[in-house]
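Close look at the chain arrangement
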Amino acid sequence: MNWSYISAFWTTVVMNCVQPVNWPACLPVHEWLFPAIGDYIRFKSEEPYASEKRALEQFRLDGGRANVE
């Protein structure tokens, strides 16, 4: 895991969830943490914007057969 992810998690989640005013939003961990972990695992397994690239290739006139990079 990259230190930038840990740093971003610490500054946005941990530091905000320490404040009592945010506890109602932070307390149901199963609603936000587990889906976020699943997203992280899914996004790490493929190149950035791979699903968007596949979607756009479906709409190209040549059917995505031309090699454009």
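In what follows, the structure referred to is the one given above.
What comes next is a walk through the structure. Quantities reported herein were computed from a predicted structural model and do not represent experimental measurements. Numbering of residues begins from 1 in every chain and follows the order in which that chain's sequence is written. Reporting in this predicted model follows two pLDDT cut-offs: at least 70 for local features of residues, and 80 or more for side-chain atom pairs to be given and counted; totals over whole chains, interfaces and linings ignore these cut-offs and use all residues. Hydrogens and water are ignored here; the side-chain numbers use all heavy atoms of the structure.

A few points about the state of the cysteines
Covalently bonding the sulfur atom of one cysteine to the sulfur atom of another cysteine gives a disulfide. Note that a disulfide, as used here, is simply two cysteine sulfur atoms within 2.5 Å. The full count for this structure, using the stated rule, is one disulfide. The disulfide partner of cysteine 17 is cysteine 26, and the gap between their sulfur atoms is 2.0 Å. Linking cysteine 17 and cysteine 26, the disulfide has an S-S dihedral of approximately -80° and is accordingly described as left-handed.

Section: a nonpolar patch on the surface
For patches, a residue must show more than 30% relative accessible area and have no salt bridge; joins then use 9 Å for like charges and 5 Å for nonpolar side chains, namely Val, Leu, Ile, Met, Phe, Trp and Tyr. The protein chains shown are the only cover counted for residues, whose accessible areas, like all others here, come from Shrake-Rupley with a 1.4 Å probe. In what follows, salt bridge is the name for a side-chain nitrogen of Lys or Arg lying within 4 Å of a carboxyl oxygen of Asp or Glu. A contiguous nonpolar surface patch, about 310 Å² in accessible area, is contributed by Phe34, Ile37 and Ile41. We count a stretch as a helix when DSSP gives it H or I for four or more residues in a row; a strand needs E for two or more, and each element gets its number in order from the N terminus. Structurally, the position occupied by isoleucine 37 is in helix H3 (residues 29–44).

Some details on the packing of helix H1 (residues 3–17) against H3
Axis lines are fitted through C-alpha atoms, for helices just across the contact stretch, and the angle between N-to-C directions can take any value from 0 to 180 degrees. Between H1 and H3, the least distance of the axes is 15 Å, while the angle of their chain directions is 155°. Considered as vectors, H1 and H3 are oriented roughly antiparallel to each other. Where H1 crosses over H3, the two elements pack in a sense that is right-handed. Where H1 abuts H3, its residues Tyr5, Phe9 and Val13 lie against Trp32, Leu33, Tyr40 and Lys44. The scheme is simple: roughly parallel for angles under 35 degrees, roughly antiparallel for over 145, roughly perpendicular for 65 to 115, oblique for anything else. By convention the crossing between two helices is left-handed if the near helix lies anticlockwise of the far one by an angle smaller than a right angle, and right-handed if it lies clockwise. Any pair of residues with heavy atoms lying within 4.5 Å of one another is described as a contacting pair.

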